[in-house]
Amino acid sequence: MTAPFIRLSGVRKEFETRGETFLAVSDVTFDVTEGELVALVGPSGCGKTTVLKMIAGLHDHSGGDMQIGSTDGTGFSADKDIGMVFQQPLLLKWRKVLENVLLPAEILGIPMAEARERARDLLNLVGLNGFEGSYPYELSGGMQQRAAIARSLVHDPKVVLMDEPFGALDALTRESMNIELLRIWSESKKTILFVTHGIQEAVFLGSRVIVLTSSPARMAGDIKVDLPYPRKLEIKTHEDFGVYTRQIYGLLGMT
């Protein structure tokens, strides 16, 4: 059996606010295997982003155990081995697309000749070949988010954490980006943890769906989605797709 690449066991997170303790994450336990695309779903404000930030090393966990990489904790660096994609592309408006993609490589001191070649390959992978010299304002919202995905991959991370990356897009563009993400994942072979509050989006993308309750976040379920890849939009009309969707609604008390 393949050992988990990410493992959370009874993880909790408390914040101190104005002298009071706020419990954001109560008890979260799940694994992610290397190369897996796992969706993390739950109501807005339930603590999904907090879980992601703990995995990224941006927040310490207050309790429980968390392990990323090898069992002895070696061979993994949050700076070098994690890529992040946020809800907004957060591209620097004064830098062209290629320069935006290269930013993590500059910060990490990766040789520029190597990084520039990889950045061009990634822009081709995400469908932005020919837009290397464009500025962010010259791109649509979906194209900007494609550039952000390329940026998250330029330093060849082991894990990509995506925090509702398509939440600000219109419905049609969002569905198009879902299909593109599955293609990029298939070609890049990266481990991806995708946070969303969209139940159908979670089922469409994930090989598994981790379901969290309202704040403080607790485990409501860990569902294996046994639908074949590559997935197309027609799969949403499949009877099994509806079964998974209704199961998640039930876990969230929405039926």
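These notes cover the structure that comes with them.

What counts, and at which threshold
Residues numbered from 1 in each chain as written. Predicted model: local features only at pLDDT ≥ 70, side-chain atom pairs only at ≥ 80, totals over all residues. Heavy atoms only, no water. Helix = DSSP H or I, 4+ residues; strand = E, 2+ residues; numbered from the N terminus. Buried < 20%, exposed > 50% of the residue type's maximum accessible area, 1.4 Å probe, protein only. Salt bridge = Lys/Arg side-chain N within 4 Å of Asp/Glu carboxyl O.

Some thoughts on unusual backbone geometry
In step 1: The omega torsion across serine 215 and proline 216 is -5°, close enough to zero to call that bond cis.
In step 2: Position of proline 216 relative to the elements: it lies in the loop between strand E8 (208-212) and strand E9 (217-224).
In step 3: Of note, the phi angle at leucine 90 is positive, near 55°, even though the residue is not glycine.
In step 4: With respect to the helices and strands, the residue leucine 90 is situated in the loop between strand E5 (82-85) and helix H3 (97-101).
In step 5: Judged by relative accessible area, leucine 90 falls into the exposed class, the value being 52%.
In step 6: One non-glycine residue with positive phi stands out, namely glutamate 164, at about 45°.
In step 7: Tracing the sequence through the fold places glutamate 164 in the loop between strand E6 (159-163) and helix H7 (171-188).

Some thoughts on helix H1 (residues 48-56)
In step 1: Across the nine residues of H1, seven count as buried, placing the element largely inside the fold.
In step 2: Within H1 the residues assigned to the buried category are Lys48, Thr50, Val51, Leu52, Met54, Ile55 and Ala56.
In step 3: Note on H1: the residue one or two positions beyond its end, glycine 57, has a positive phi of about 85°.

Let's talk about the pattern of salt bridges
In step 1: Going through the model one piece at a time under the given rule, you end up with 12 salt bridges.
In step 2: Among the salt bridges present, the one from aspartate 156 reaches arginine 118, with a minimum N-O distance of 3.5 Å. Here aspartate 156 is found in the loop between helix H6 (141-153) and E6, whereas its partner arginine 118 is found in helix H5 (residues 112-125), with 38 residues between them in sequence.
In step 3: Overall, aspartate 156 belongs to the partly exposed group, its relative accessible area being 43%.
In step 4: Glutamate 180 is the salt-bridge partner of arginine 146, the closest N and O atoms lying 3.3 Å from each other.

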